[in-house]
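What the coordinates show
Okay, here's what each chain looks like letter by letter:
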Amino acid sequence: MMEKPSGNRYPDIEENLKIVRHSIAETCVKAGREPGDVTLLGVTKTVQPDRINAAIRAGLEVIGENRVQEYLSKREMINLDNVRAHLIGHLQTNKVSKIVGKVDMIESIDSVKVAKAVSDASLKRGIVTDVLVQVNIGREDTKHGVMAEELEQLLRAAACFKGIKIRGLMAIPPIYDTEREKRAVFSDMCKLFIDIKGKNIDNVAMDILSMGMSADYREAIMEGSTLVRIGSAIFGSRS
Ligand SMILES: *Cc1c(COP(=O)(O)O)cnc(C)c1O
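Below is a summary of the structure that appears in this document. (Residues numbered from 1 in each chain as written. Predicted model: local features only at pLDDT ≥ 70, side-chain atom pairs only at ≥ 80, totals over all residues. Heavy atoms only, no water.)

This paragraph deals with the packing of aromatic side chains. Taken as a whole, this structure holds 0 aromatic pairs when the rule is applied. If you follow Arg51 out to its NZ or CZ, it ends over the ring of Tyr10, 5.1 Å from the centre. (Phe/Tyr/Trp six-rings, centres within 6.5 Å; stacked < 30°, edge-to-face > 60°. Lys NZ or Arg CZ within 6 Å of the ring centre and 35° of its normal.)

Okay, here's the thing in structure tokens:
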């Protein structure tokens, strides 16, 4: 089933990474931003460790996994020495103690309850976990995240928890076809980000805005994303 790290080369991954990086840099220039302002996170859900390691050898510095169980089962086989790992999928309270200490950031905080659980588990390990709060910017029933109008209240409550450091926001907007629609929702998200940042809530640093995936990362960068989460454009489509 699972392959051992082998140093196999995957020219498709190397080529895709080059294309994505180039496109990020090009979009930054177009947006009048510095290419260094946008971090590339490679989404590695369903991807075998051997292929993840190939991307890491090709320079990928941040990876993101959705499921706690899948990540933990692959983790030993991924060369994480110079790589940061983020949890980007929904986190249930009963999985919190398993994942805290195993990732560098949890991007999917969506309730005071889960924020508290992550903080408690972190304090128990003597660490502080960086987190983002996920916003359901498209107000979709099928998506996790807090509604925009609930955000400030959650941040003010979670800011008191000593085991977490809130670094910013994450969003997974609805799938839109047109560039105009994609940009509009990212623009809403960026306004919310700037608005909240302006409130200068103690212990809340708003320096990361995680938005943009394979199909819409250019629009996200145009509208202020600082971290794009890209899966299929690097690793190919997931069957
Ligand atoms: C799967 C996933 C992505 C990447 O999706 P692609 O379309 O493959 O780039 C990004 N963010 C989250 C939260 C995901 O679950």
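Neighbouring residues of the ligand: Val43, Lys45, Asn66, Ile88, Ile172, Met213, Ser214, Arg229, Ile230, Gly231, Ser232 and Arg238. Contacts to the ligand include Ser232, whose backbone N or O atom sits 2.8 Å from an oxygen atom. Between an oxygen atom of the ligand and a side-chain N or O atom of Arg238, the distance comes to 2.8 Å. Taken together, the residues that form the shell around the ligand break down as 5 nonpolar, 4 polar and 3 charged. (Near = heavy atom within 4 Å. Polar contact = N/O pair within 3.5 Å; in protein donor to acceptor, adjacent residues only side chain to side chain. Nonpolar A, V, L, I, M, F, W, Y, C, P; charged D, E, K, R; others polar.)

Okay, helix H5 (residues 112–125) next. Taking 1.5 Å per residue, 14 residues should reach 20 Å; H5 reaches 20 Å between its end C-alpha atoms and fits that length. Among all positions in H5, only Val114, Ala115, Ala117, Val118, Ser119, Ala121 and Ser122 are buried. On its buried side, H5 packs onto helix H4 (96–99), strand S4 (105–109), strand S5 (129–135), helix H6 (148–158) and strand S6 (164–171). Of the residues trailing H5, Gly126 is marked for its positive phi of about 75 degrees. (Helix = DSSP H or I, 4+ residues; strand = E, 2+ residues; numbered from the N terminus. Expected span 1.5 Å × (residues − 1). Buried < 20%, exposed > 50% of the residue type's maximum accessible area, 1.4 Å probe, protein only. Contact = heavy atoms within 4.5 Å.)

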